[in-house]
Amino acid sequence: MQAPTISIPRLRVAANGRVIVPGDTHYDQTRTVFYGGFDRRPAAIVRAADATDVARVVQFARETGLELAVRSGGHSLAGHSTTDGGVVLDLGDMKALEIDPRNRTAWAQTGLTAGEYTTAAAAHGLATGFGDTASVGIGGITLGGGIGYLVRKHGLTIDDLLAAEIVTADAELRYVDAQRHPDLFWAIRGGGGNFGVAIRFRFRLHQVDRVLGGMLMLPASPEVVAAFIAQAQAAPEELSTIANIMPAPPLPFVPPAQHGRLVVMALMAYAGKAEAGERAIAPFRVIASPIVDLLRPMPYPQLYPPEDDSYHPMTVGTTMFIDRVDLAVAETILKRLEASDAAVRVAQLRVLGGAMARVPAEATAFAHRTSRIMVNLAAFYDGPQDRAVRQAWVADFAAALRQGDAGAYVNFLGDEGAARVQDAYPGPTWDRLVEIKRRYDPTNLFRLNQNIPPATESPRV
Ligand SMILES: Cc1cc2nc3c(=O)[nH]c(=O)nc-3n(C[C@H](O)[C@H](O)[C@H](O)COP(=O)(O)OP(=O)(O)OC[C@H]3O[C@@H](n4cnc5c(N)ncnc54)[C@H](O)[C@@H]3O)c2cc1C
């Protein structure tokens, strides 16, 4: 390795943004990520101001060999956007957004959160689909795929990605789209942060003004769970649903008698005309007598409830795809949830299909186009011993649910090992990704992620 030409003190002087090191006033605040349980102490956190800063940090990491963590919204489930002793490249100050309402496109810097982008676009009656949480960064969610409230109507977030500016491992800023670096453009649509640091994305926007949406809570029984999923699969594509099967949280609008009892807490969004939405939602309201019915017409950004910045849950979880939820599967879900005493535990079911499924599997690095239902299992834990208990519960639960689909959605993977990363990129997708990685990041500089090692060092496991 060549002698570094940059040191942290020099970086501090040269950077246009802030460089925060241990002992600085904001060090503890800026090293904190969304999930608790990742108490890591970076040597420096660079709050980049522009692409030049990003290139400098990439160069710095290459020359020093220090571990590089790239952070947009800080919501990595595996703690990948922080590091012990390495450098965090934090894009959170880069929030420029240019919306072109006439052409329905937007250039967005990757420090924006899904909520910030969505609120600004909604001022024009427009939207690009992200996920279910406002504080998630557009950097991480986009690069992994993006499954949210518009998935059945408009597809994944990457299906609306038209171009990107990305600093690759050689510290060069590249413009990528279907014509320029098409291989890289293919890889960043699902391949995560493996190929460089995305500075800006160019998105397509859709006309999405008001939606009929919000929360519907039903009592959970095998019949209700199975009927909910059957109905979600039969619903028009305008309707996307996220069914959280979990003990009812003690929220003010939940009757106290229900607190702690298993419920289907469904988050729903119908992106279309209100009357048609009412017709689409009506069958869900009669599956069982609703405990809470907050479904109503609303501006699209209101699907994102307010969040508490001091909320840092410690969770374990996993993700998988299944093909069906019949009575037996629904019964298994409820039994497993009943068997745990974790303070919060959830089986989240998202019915897929629609626009997402019409894109060919090989068109992007997200290959799970025909997967039917995504399942995310999660439990809160309290300390290392409890973590092991909850982790075992998650693993047993996942094994009990496994059907034919061995895939995984990269953005909901925790720190689950190399084989699981390959589950996210089956067969030819993996082969193509490792080859592109070899060309653009041969030394695996971008390795603190759901890692795709370059071709030479990546035998199939
Ligand atoms: C509460 C919660 C709700 C969620 N809901 C959804 C959902 O509804 N739908 C869904 O699809 N996903 C969802 N996710 C998963 C989410 O998409 C991933 O955790 C995603 O990686 C978070 O992005 P981030 O930028 O906030 O995270 P970060 O931790 O900042 O980044 C995660 C990783 O992405 C890479 N990365 C981020 N920004 C860049 C960049 N600009 N350039 C290069 N690499 C970058 C890095 O490898 C980094 O380690 C949710 C996660 C949480 C915690």
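In this report, the structure presented in the accompanying data block is examined. (Residues numbered from 1 in each chain as written. Predicted model: local features only at pLDDT ≥ 70, side-chain atom pairs only at ≥ 80, totals over all residues. Heavy atoms only, no water.)

Looking at the overall build of the protein chain
Counting secondary structure elements, the protein chain contains 13 helices and 19 strands. Whereas a compact globule of 461 residues would reach a radius of gyration of roughly 23 Å, the protein chain reaches 22 Å, a difference of no more than 12%. Taking all 461 residues of the protein chain together, 57% fall into the buried category. Total accessible area on the protein chain stands at roughly 18,500 Å², and carbon and sulfur atoms take up 53% of it. Separation between the mean location of the 45 positive side-chain charges and that of the 48 negative ones in the protein chain comes to 3 Å. (Helix = DSSP H or I, 4+ residues; strand = E, 2+ residues; numbered from the N terminus. Rg over C-alpha atoms; globule rule 2.2 N^0.38 Å. Buried < 20%, exposed > 50% of the residue type's maximum accessible area, 1.4 Å probe, protein only. Areas by Shrake-Rupley, 256 points an atom, 1.4 Å probe, with all protein chains shown as cover. Lys, Arg positive; Asp, Glu negative; His and termini not counted. Charge placed at Lys NZ, Arg CZ, Asp CG, Glu CD.)

Brief notes about the pairing of strand β4 (residues 87-90)
Here β4 shows two buried faces, one formed by Val87 and Leu89 and the other by Val88 and Asp90. As defined by bridge partners, strand β2 (residues 44-47) adjoins β4 across 4 bridges and the pair is classed as parallel. Bridge pairing in β4 links Arg47 to Asp90. With 4 bridges joining them, strand β3 (residues 68-71) and β4 adopt parallel strand pairing. Bridging from a neighbouring strand, Arg71 pairs with Asp90 of β4. (Pairing = 2+ DSSP bridges.)

Quick notes on the packing of helix α8 (residues 222-234) against helix α10 (residues 327-339)
Between α8 and α10, whose axes approach to 8 Å, the crossing angle comes to 120°. Between α8 and α10, the crossing angle belongs to the class labelled oblique. The handedness of the crossing between α8 and α10 comes out as right-handed. In this structure, α8 uses Pro222, Glu223, Val225 and Ala226 to contact α10, whose residues at the interface are Leu327, Ala330, Glu331 and Leu334. Each residue belonging to the contact of α8 with α10 can be placed in one class, and the counts come to 6 nonpolar, no polar and 2 charged. (Axes fitted to C-alpha atoms, helices over the stretch in contact; angles between N-to-C directions. Parallel < 35°, antiparallel > 145°, perpendicular 65-115°, else oblique. Left-handed = near helix turned anticlockwise from the far one by under 90°. Contact = heavy atoms within 4.5 Å. Nonpolar A, V, L, I, M, F, W, Y, C, P; charged D, E, K, R; others polar.)

Points about the nonpolar core
With 51 residues, the main nonpolar core has Tyr117 and Ile188 as its most contacted residues. Core analysis: the second largest hydrophobic core is formed by 47 residues, Leu216, Ala266, Leu337 and Ala398 among them. (Core = buried A, V, L, I, M, F, W, Y, C linked by side-chain atoms within 4.5 Å.)

Some points on the site of the ligand
Taken together, 35 residues sit near the ligand, with Ser72, Gly74, Ser81, Ile147 and Tyr409 positioned nearest. A distance of 3.0 Å is found between an oxygen atom of the ligand and a backbone nitrogen or oxygen belonging to His75. Gly140 is positioned with one of its backbone polar atoms (N or O) 3.0 Å from an oxygen atom of the ligand. When the ligand is considered free in solution it has 940 Å² of accessible area, and contact with the protein chains removes 94% of it. Of all the secondary-structure elements, those providing two or more residues to the shell around the ligand are β3, α5 (138-144) and β10 (197-204). If you tally residues by element for the shell around the ligand, the top one is α5, at 4 residues. Taken together, the residues that form the shell around the ligand break down as 14 nonpolar, 18 polar and 3 charged. (Near = heavy atom within 4 Å. Polar contact = N/O pair within 3.5 Å; in protein donor to acceptor, adjacent residues only side chain to side chain.)

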